Amino acid sequence: MKTLAAVVIEPGKPIEIEELTLEKPGPNEVLIQYLYGGLCHSDVHISIGDTIARLPMVLGHEGAGIIQEVGPGVTRVKPGDHVVCSFTPTCGRCKYCATGRSSVCDMNAAMLEGHLEGPRWPISGPRGSYGAMCTLGTFSQYNVINQYSVVKVDDDIPLDKAVLVGCGVPTGWGSAVYAAETKPGDVVAIFGIGGIGINAVQGAKHAGAQHIIAIDPLKNKRDKALELGATLAFETAAEAKAAIDELTNGQGGDSAIITTDLITDQQVSDGLSMIGRCGVMVLTALNKIDEVTVKVPSTEMSYFRKTIKGSLFGDCNPAYDIPKLVRMYADGKLELDGLVTKEYSLDQVNQGYDDLLAGKNIRGIIKHQH
């Protein structure tokens, strides 16, 4: 079958819309009709070359839609099911899935190649075989993906909101709740209030943090953070550190979570300076894979028992946490409605990313036409 998709052909060049051909789903695969795809900064890293991926690649790793057809052996979903896609698949068999760390499932190894198990390349077009971002390629009207990448949700859940629970919401929320292990009364600093940082704010609030300090140079982002649970918001790290020192009588905060668009060594240094003894700094943001951004005095970490840790998908387990977060939204315990600033059509994908980079949106989403 044919599908229209947004494709990266060459890093640094505009994303192109191409008509591609999809094969039928094979074993453990499903055909999905995407209704929505989230505009997330991780796709920008591929389109500009910060993250090296096999090209051409269909972009999009946040998606929600309806299952159209299933291949042999599929047991998780059936045709007609409404699903949210997890950018990290969960096979349930590997060492990491079996020990509750499914955000680093072995199947993640293909996320920058974009092929299914085999390897199998179900997408083809004028440039040969096409990969799919995180094996999902949600900026396509349809795609063939692995059953281990989809999570069923109730039919009454609006998919234009649930789409965010495939990456940005759990990554931010889990960075605060699971990775930082926020506890009631904690003082938490969050660097960067975009699609991930705003949900770190929500996670810290959910976990009972007493003071949530948001740091972002843009006023619209700081205002949204204050709306959704931050207790203070500052333009610079220096202002935030001064406030934390005052709040804690110089003891320092309990955690710092870095969710900026591009992590830097200065942010890491600033974050470490804000946490006190036994504090933790969570690195959720990305940079080039070989860019050294952690340059800190190890003696300070030893003397004061400070911890620096990386986090993927907020240390969430997709098969458990995606339904949980969707239920929290349905029960009014998690804000999703106010996160989407603007919808775009597929052919407006470049404009959507220009707006993301300009800081105009908390979140933007692609609405597919069918």
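Look above for the structure.
Quick caveat: nothing in here was measured; it's all calculated off a predicted structure. Along each chain, residues carry numbers from 1 onward, in the same order as the chain's sequence is written. Restriction of local features to residues with pLDDT of at least 70 applies here, the model being predicted, together with a cutoff of 80 or more for giving and counting side-chain atom pairs; totals for whole chains, interfaces and linings are based on all residues. Water and hydrogen atoms were dropped before computing side-chain values, which therefore reflect all heavy atoms in the structure.

(A) Structural view of the nonpolar core. Of all hydrophobic cores here, the largest spans 78 residues; its most connected members are Phe139, Ile145, Val169, Ile190, Leu339 and Val349. Contact criterion: two residues are considered in contact whenever any of their non-hydrogen atoms come within 4.5 Å of each other. Excluding its chain neighbours within four sequence positions, the residues that come into contact with Leu339 are Leu164, Val169, Ile198, Asn199, Gln202, Leu228, Ile362 and Arg363. The set of buried Ala, Val, Leu, Ile, Met, Phe, Trp, Tyr and Cys residues whose side-chain atoms join them within 4.5 Å is what this entry labels a nonpolar core. Residue burial is assigned from relative accessible area. The probe radius is 1.4 Å, only protein chains are included, and a residue is buried under 20% of its type maximum, exposed over 50%, and partly exposed in between.

(B) Here's a closer look at the pairing of strand β3 (residues 29-39). Judged by how many residues are buried, β3 sits mostly within the fold: 10 of 11 residues are covered. In this scheme, strands are said to pair when DSSP sees at least two bridges between them. Put simply, DSSP H or I for four residues or longer makes a helix, DSSP E for two residues or longer makes a strand, and each gets a number counted from the N terminus. Direction of pairing for β3 relative to strand β9 (residues 142-146): antiparallel, over a ladder of five bridges. Bridged to Glu29 within β9 is Asn146. Two strands pair when backbone bridges link them, and β3 and strand β5 (residues 63-70) are joined in this way by seven bridges, in the antiparallel orientation. For Val30, the partnering residue across the bridge sits in β5 and is Val70. Of the pairings in the sheet, the one linking β3 to strand β18 (residues 363-367) comprises four bridges and is antiparallel in character. Note on β18: the bridge partner recorded for Gly37 is Ile366.

(C) Region of the structure containing the environment of Ala5. In this structure, Ala5 sits in strand β1 (residues 2-8). When its relative accessible area of 0% is taken as the criterion, Ala5 is described as buried. Residues Ala5 and Thr88, 83 residues apart in the sequence, show an inter-C-alpha distance of 21 Å. Non-local contacts of Ala5, meaning those with residues more than four positions away in its chain, are made with Glu16, Ile17, Glu18, Leu20, Val58, Phe139, Ser140 and Leu346.

(D) Region of interest: unusual backbone geometry. Cis geometry is adopted by the peptide bond preceding Pro56, which originates at Leu55 and carries an omega value of 0 degrees. Checked against the element boundaries, Pro56 lands in the loop between α1 (41-48) and β4 (57-58). In this structure, Thr135 takes a positive phi of about 60 degrees despite not being glycine. One non-glycine residue, Glu181, lies in positive phi territory at about 55 degrees. When you line up the elements, Glu181 lands in the loop between α4 (168-179) and β11 (187-191).

(E) Fine view of the side chain of Ser102. As for its position among the elements, Ser102 is in the loop between α2 (95-98) and β7 (123-125). The exposure class assigned to Ser102 is buried, which follows from its relative accessible area of 7%. Counted as a polar contact is a pair of N or O atoms within 3.5 Å, where, for protein atoms, one must be capable of donating a hydrogen and the other of accepting one, and residues adjacent in sequence contribute only when both atoms are in side chains. Among the polar contacts listed, one links the side chain of Ser102 to the side chain of Asn317, at a separation of 2.8 Å. When near neighbours in sequence (up to four residues on either side) are disregarded, Ser102 contacts Thr88, Pro89, Thr90, Tyr96, Cys97, Asn317 and Pro318.

(F) Summary view of the side chain of Thr182. Position of Thr182 among the secondary structure elements: in the loop between α4 and β11. Only 2.7 Å separates the side chain of Thr182 from the backbone oxygen of Ala176, close enough to count as a polar contact. Every residue in contact with Thr182, bar those within four places of it in the chain, is listed here: Ala176, Val177, Val188, Ala204, Ala207, Ala209 and Ser255.

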